[in-house]
Amino acid sequence: MNILTEQYEIVSPEAGSASLNQVMVELDQLKRQSERLDLINRLHGRMAGVLSMTGMIEAYSVWLMPIVEHELIGYNNNTRKKKHLFCSGHGPNRRKAIAFAEQLIENVSDNRQVMKSVDGHFGHKWIFETVDDTGILLILKEGRELTEKELQIINDSLIVLAESLHRGLEYEDLFERASCDALTGLANRRVFDERIAGMMDSATRYKHPLTMLSLDLDRFKEINDNLGHQEGDKVLKSVANVLAAAVRSTDLLVRMGGDEFLIILDNTDRKNAQILAERLVKKIDRLNVWATDSLKLGVSIGLAQMEANESLRSWMERADDILYHAKAEGRARVAIC
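Residues numbered from 1 in each chain as written. Predicted model: local features only at pLDDT ≥ 70, side-chain atom pairs only at ≥ 80, totals over all residues. Heavy atoms only, no water.

Participant: Got a minute to help me understand the overall build of the chain in this structure?
Facilitator: When you go through the chain residue by residue, the secondary structure sums to nine helices and ten strands. Within the span of the chain, comprising 337 residues, buried residues form 44% of the whole. Sequence separation of at least 24 residues holds for 63% of the intrachain contacts in the chain that already meet a minimum separation of 6. In the form shown here, the chain has an accessible surface area of approximately 18,500 Å², with 50% of it arising from carbon and sulfur atoms. (Helix = DSSP H or I, 4+ residues; strand = E, 2+ residues; numbered from the N terminus. Buried < 20%, exposed > 50% of the residue type's maximum accessible area, 1.4 Å probe, protein only. Contact = heavy atoms within 4.5 Å. Areas by Shrake-Rupley, 256 points an atom, 1.4 Å probe, with all protein chains shown as cover.)

Set out below in structure tokens:
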């Protein structure tokens, strides 16, 4: 009779506990890896349908906000001299974050990745060497810095963002040919149509003011008639330079056609918009362009702050109506709705 014996490995309680702990650690690592992959896949999906650089930065900020609470995402391209700042804050904090971002962008010689402002904001900066000297910066909420986990998620996501930015730069070349006014270099009506809805939605979502300036040059027809269209073109370029120097990167400046311009002032209420508008009237006057001995170039401006739940059509009609009040009251002035 054969007796079959089975051999069993005797495992000590301590060894069994260690093995279980190792399994739990590995499962936790797999779970975290799966969560990161899910987040990155969501980012892929969000970025896939976006073509413009501004849209990409905004989409990235919206994706990142639940993961890493922040004030601002910035994009800067030194080679092409372009930048875009998307700030979710409002009021004094918004102004502080934008000022800090502008400082970091302008200080190209500072190679530090992490910087802190005097008021406690932390700024993180990355450079994509493969994306035409493009940099991304992140301004965090006041008084906090990125954790190691947050930094890992962002580093993973930047691979997706870099690919999108490369696509966006190629699209931007084509887009600019169709969206820039050939004479002045300002954005044209097409850009206005593409951006205005997003600016209005953002203002409504974050409850910050948005103000429209509708501008029309005074005596421009007489300048064209008396001095010639070539001189008129020079005047339009000079006016465009004055306007471009006065607005911020978060604002929208558009040549709507002829001698009509439109400025959308981001996070700017009626009172502060009036200060800027009156300054523009003075600067256009200082160009000192005369059609005749008695007819001088000027600008009339209609100012209207967007109201709650107002449609774009209603907002533009109010700005246009008040512009003609400025014309009727003597030109070269600001009228407020």
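Participant: Even after reading the chapter, I still don't get helix H7 (residues 229-246), so can you show me in this structure?
Facilitator: Residues spaced three or four apart along an α-helix point in a common direction, a consequence of the helix completing one turn every 3.6 residues. With 18 residues, H7 should reach 26 Å at 1.5 Å per residue; the first-to-last C-alpha distance of 26 Å fits that figure. Of the positions making up H7, those classed as buried are Gly232, Val235, Leu236, Val239, Ala240, Val242 and Leu243. Along the axis of H7, the buried residues cluster in a sector spanning 160 degrees; they form a single face. For H7, the exposed residues set more than 90 degrees away from the buried face come down to Gln230, Asn241 and Ala245. Contacts made by the buried residues of H7 are with strand E6 (210-218), helix H6 (220-227), strand E7 (252-257), strand E8 (260-266) and helix H8 (270-285). (Expected span 1.5 Å × (residues − 1). Arc of directions from axis to C-beta.)

Participant: Could you clarify how one ought to interpret the side chain of glutamate 310 in this entry?
Facilitator: Take glutamate 310: it is sitting in the loop between strand E9 (298-305) and helix H9 (312-328). Of the residues examined, glutamate 310 reaches a relative accessible area of 12% and is grouped as buried. Of the polar contacts made by the side chain of glutamate 310, one reaches the backbone nitrogen of glutamate 307; its length is 2.9 Å. Looking at glutamate 310, its side chain comes within polar contact range of the main-chain nitrogen of tryptophan 315, at 3.3 Å. (Polar contact = N/O pair within 3.5 Å; in protein donor to acceptor, adjacent residues only side chain to side chain.)

Participant: Before we go on, may I ask you to explain the sheet that holds strand E10 (residues 334-336) in this structure?
Facilitator: Sheet strands line up and pair through hydrogen bonds in the backbone, either parallel or antiparallel. On the basis of which strands lie adjacent, the open sheet formed by five strands has the order E7-E8-E6-E9-E10 and mixed pairing. The sheet is open, and its two borders are formed by E7 and E10, each paired with just one other strand. Neighbour-to-neighbour, the strand axes of the sheet open up by a mean angle of 20 degrees, direction not taken into account. Bridging between E6 and E9 involves eight bridges; their strand directions are antiparallel. Residue pairing for E9: aspartate 216 is matched across the bridge by serine 300. Of the strands in this sheet, E6, E7 and E8 touch helix H5 (residues 189-206), which is tilted by about 140 degrees from E7. Contacts from H8 reach E6, E8, E9 and E10, with the element oriented near 170 degrees to E9. (Pairing = 2+ DSSP bridges. Axes fitted to C-alpha atoms, helices over the stretch in contact; angles between N-to-C directions.)

Participant: Please explain unusual backbone geometry as it appears in this structure.
Facilitator: Peptide bonds are mostly trans, and most non-glycine residues show a negative phi. A positive phi is found at arginine 219, a non-glycine position, where the angle reads about 65 degrees. One non-glycine residue, asparagine 267, lies in positive phi territory at about 50 degrees. Relative to the helices and strands, asparagine 267 resides in the loop between E8 and H8. Looking at asparagine 267, the relative accessible area reads 13%, which means it is buried.

Participant: Sorry, what's going on with the packing of H5 against H9 here?
Facilitator: Packed helix pairs are characterised by how far apart their axes lie and by the angle those axes make with each other. Between H5 and H9, the shortest axis-to-axis distance is 12 Å and the interhelical angle comes to 115 degrees. Here H5 is positioned roughly perpendicular relative to H9, judged by the angle of their axes. Considering how the two elements wind past one another, H5 and H9 form a crossing that is right-handed. Contacts from Arg189, Phe192, Ile196 and Met200 in H5 reach Leu312, Trp315 and Met316 in H9. Residues belonging to the contact of H5 with H9 are distributed by class as follows: six nonpolar, no polar and one charged. (Parallel < 35°, antiparallel > 145°, perpendicular 65-115°, else oblique. Left-handed = near helix turned anticlockwise from the far one by under 90°. Nonpolar A, V, L, I, M, F, W, Y, C, P; charged D, E, K, R; others polar.)

Participant: Quick question: what am I supposed to make of the nonpolar core here?
Facilitator: In summary, soluble globular proteins display a tendency toward joint burial of nonpolar side chains. Counting residues in hydrophobic clusters, the biggest one holds 31 residues, and the most contacted among them are Tyr60, Leu64, Leu138, Ile154 and Leu165. Looking at this core, the element that brings in the most residues is helix H4 (residues 148-179), giving eight residues. (Core = buried A, V, L, I, M, F, W, Y, C linked by side-chain atoms within 4.5 Å.)

Participant: Explain the confidence of the model for the chain to me, please; I cannot follow it from the model alone.
Facilitator: Low pLDDT means the predicted atomic positions in that stretch should not be read closely. When pLDDT is averaged along the chain, the result is 87, and 89% of the positions lie at 70 or above. With pLDDT under 50 throughout, residues 1-5 is counted as low confidence; its partners more than four residues away or in other chains account for zero contacts. (pLDDT = per-residue confidence, 0-100.)

Participant: Would you take a moment to explain the side chain of glutamine 305 for this structure?
Facilitator: Mapped onto the secondary structure, glutamine 305 falls in strand E9. For glutamine 305, the contacting residues outside a window of four places in its chain are Pro209, Leu210, Thr211, Asp269, Arg270, Glu310, Trp315 and Arg318.

Participant: Can you help me understand a positive patch on the surface in this one?
Facilitator: Taken together, the side chains of Arg279, Lys282, Lys283 and Arg286 make up a positively charged region of the molecular surface. Mapped onto the elements, lysine 283 comes out in helix H8. Overall, lysine 283 belongs to the partly exposed group, its relative accessible area being 33%. (Patch = residues over 30% accessible without salt bridge, like charges linked within 9 Å, V, L, I, M, F, W, Y side chains within 5 Å. Salt bridge = Lys/Arg side-chain N within 4 Å of Asp/Glu carboxyl O. Lys, Arg positive; Asp, Glu negative; His and termini not counted. Charge placed at Lys NZ, Arg CZ, Asp CG, Glu CD.)

Participant: What is the right way to read the pattern of salt bridges from this model?
Facilitator: A side chain with one charge may pair with a side chain of the opposite charge, provided their charged atoms come close. Taken as a whole and assessed by the stated rule, the structure comprises 15 salt bridges. For the salt bridge of aspartate 38 with arginine 42, the shortest nitrogen-to-oxygen distance reads 2.9 Å. Placement of both aspartate 38 and arginine 42 in helix H1 (residues 13-48) is noted, with a separation of four residues, approximately one turn of the helix. Taking relative accessible area as the criterion, aspartate 38 reaches 35% and is therefore assigned partly exposed. Put simply, aspartate 225 and lysine 221 hold a salt bridge, and the shortest N to O gap is 2.8 Å. One end of the pair, aspartate 225, and the other, lysine 221, are both in helix H6, four residues apart, so they sit about a helical turn from each other. Residue classification places lysine 221 among the exposed positions, given a relative accessible area of 59%. In the salt-bridge network here, residues are joined through shared partners; they are Asp216, Asp218 and Lys327.

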